[in-house]
Amino acid sequence: ALAAEPYPVSVESNVAVKMRDGVVLRADIYRPRQDGRFPVLLQRTPYGKRGEADFGRTAAADGFVVVVQDTRGRYASEGEWDPFLHESDDGDDTVEWAGTLPYSNGKGGMFGGSYVGATQMLAAIAHPPHLAGICPVVTASNYHDGWTYQGGVFEQWFSESWTSGLAQDTLNRLAVRHTNASQGVWELPLTGYPLFNVGRLGSASDLTASLAPYFLDWL
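Computed from a predicted model, the values in this text were never measured in an experiment. (Residues numbered from 1 in each chain as written. Predicted model: local features only at pLDDT ≥ 70, side-chain atom pairs only at ≥ 80, totals over all residues. Heavy atoms only, no water.)

1. Concerning the overall build of the protein chain
When its secondary structure is counted, the protein chain shows six helices and eight strands. Projected onto the principal axes, the alpha-carbon positions of the protein chain cover approximately 70 × 50 × 30 Å. For the protein chain, buried positions account for 42% of its 219 residues. For the protein chain, the accessible surface area stands at approximately 11500 Å², while carbon and sulfur atoms represent 56% of it. Charge separation in the protein chain, taken as the distance between the mean sites of 16 positive and 25 negative side-chain charges, equals 8 Å. (Helix = DSSP H or I, 4+ residues; strand = E, 2+ residues; numbered from the N terminus. Buried < 20%, exposed > 50% of the residue type's maximum accessible area, 1.4 Å probe, protein only. Areas by Shrake-Rupley, 256 points an atom, 1.4 Å probe, with all protein chains shown as cover. Lys, Arg positive; Asp, Glu negative; His and termini not counted. Charge placed at Lys NZ, Arg CZ, Asp CG, Glu CD.)

As structure tokens, this is what we get:
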């Protein structure tokens, strides 16, 4: 039952969740700031977990624990991004972790649309015991019909535009990883100072293979 009065809300940011292979994913947790055990609402997204902050606070005030996680290789989470590949195992691990939090009542549901719907179905097929239900919307259950392909035919516009959007975070992460001012200390002339050490990206024609090899897999 919902609280008669809104609960005060507690927010924990970038909480570490270790996967079975040791990769650490990061989640934000919104929960009622009082004693008790509450149902969990989980979202696993490649689009940045901060986008659910308003919902998280609202639902926590109504008596839910809301966990929003950056999927593997996205934003604050470790690992390499490869669409669909790790979502079943990672989803299973995350559901079970969330279900055993000290303020969880042991029952969790997942929610969200598009790729976030896929993270739900791929978690559900692993049958995590603490998963009570899922609510996927505007998504597909067969990626050869309704996603990167339509009726088995490559969906060029969608696949290219989606890949370009996804690859932006990959590029941002790479730039951060290879930015090191000390690498320019011995560079002469000074006009050659290497501000960003991302030379391994290569030419523009190589960027797809460097930043989004999964696109070439789809082809």
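2. Structural notes on the pattern of salt bridges
This structure, assessed with the given rule, holds ten salt bridges. Arg72 serves as the salt-bridge partner of Asp21, at 2.9 Å between the closest nitrogen and oxygen. Taken as a pair, Asp21 in the loop between β1 (9-18) and β2 (24-32) and Arg72 in the loop between β4 (65-70) and α2 (87-99) lie far apart in primary sequence, 51 residues in all. In this structure Asp21 comes out as partly exposed when scored by relative accessible area, which is 47%. (Salt bridge = Lys/Arg side-chain N within 4 Å of Asp/Glu carboxyl O.)

3. Quick look at the environment of Arg173
With respect to the helices, strands and loops of the structure, Arg173 is situated in helix α4 (residues 156-177). We classify Arg173 as buried; its relative accessible area is 16%. Not counting the four nearest positions on each side in its chain, Arg173 is found in contact with Gly73, Arg74, Tyr75, Ala76, Ser77, Glu78 and Gly79. Of note is the side chain of Arg173, whose polar atom sits 3.3 Å from the backbone oxygen of Gly73. There is a polar contact of 2.9 Å between the side chain of Arg173 and the backbone oxygen of Ser77. (Contact = heavy atoms within 4.5 Å. Polar contact = N/O pair within 3.5 Å; in protein donor to acceptor, adjacent residues only side chain to side chain.)

4. Let's talk about the packing of aromatic side chains
Enumeration according to the criterion identifies 18 aromatic pairs in this entry. Here the aromatic rings of Trp162 and Trp218 are separated by 5.7 Å at their centres, their planes lie at 5°, and the arrangement is stacked. One end of the pair, Trp162, is in helix α4; the other, Trp218, is in helix α6 (residues 213-218), with 56 residues separating them in the sequence. Among the aromatic residues, those joined into a cluster by ring pairs are Trp81, Phe84, Tyr115, Tyr143, Trp147, Tyr149, Phe154, Phe158, Trp162, Tyr214, Phe215 and Trp218. One cation-aromatic arrangement involves Arg31 over Tyr103; the distance from NZ or CZ to the ring centre is 4.3 Å. (Phe/Tyr/Trp six-rings, centres within 6.5 Å; stacked < 30°, edge-to-face > 60°. Lys NZ or Arg CZ within 6 Å of the ring centre and 35° of its normal.)

5. Overview of α4
A rise of 1.5 Å per residue sets the reference length of α4, with its 22 residues, at 32 Å; its end C-alpha atoms lie 31 Å apart and thus fit the reference within 8%. Of all bends in α4, the biggest is about 25°, found at Ala167. Taken together, the buried positions of α4 are occupied by Ser159, Trp162, Thr163, Leu166, Ala167, Asp169, Arg173 and Leu174. Elements in contact with the buried residues of α4: α3 (115-124), β8 (153-154), α5 (207-211) and α6. (Expected span 1.5 Å × (residues − 1). Bend = angle between axes of the 7 residues up to and from the residue.)

6. Quick notes on the sheet that holds strand β6 (residues 131-137)
Reading across from one edge, β1-β2-β4-β3-β5-β6 is the order of the six strands in this open sheet, with mixed pairing throughout. Strand pairing shows two members of the sheet lacking a second neighbour, β1 and β6, which therefore form its edges. Neighbouring strand axes in the sheet, compared pairwise and without regard to direction, differ in orientation by 20° on average. Pairing between strand β5 (residues 104-113) and β6: six bridges, direction parallel. Following the sheet pairing, Met110 is matched in β6 by Ile134. Lying on the sheet, α2 is in contact with β1, β2, β3 (38-45), β4, β5 and β6; it crosses β3 at an angle near 155°. With respect to the sheet, α3 is in contact with β3, β5 and β6, its orientation differing from that of β5 by roughly 135°. (Pairing = 2+ DSSP bridges. Axes fitted to C-alpha atoms, helices over the stretch in contact; angles between N-to-C directions.)

7. Some thoughts on α2
For α2, with 13 residues, the first-to-last C-alpha span of 17 Å sits near the 18 Å given by 1.5 Å per residue. Burial of α2 is extensive: eleven of the 13 residues sit out of reach of the surface. Along α2, the residues classified as buried are Glu87, Ser88, Asp90, Gly91, Asp92, Asp93, Thr94, Val95, Trp97, Ala98 and Gly99.

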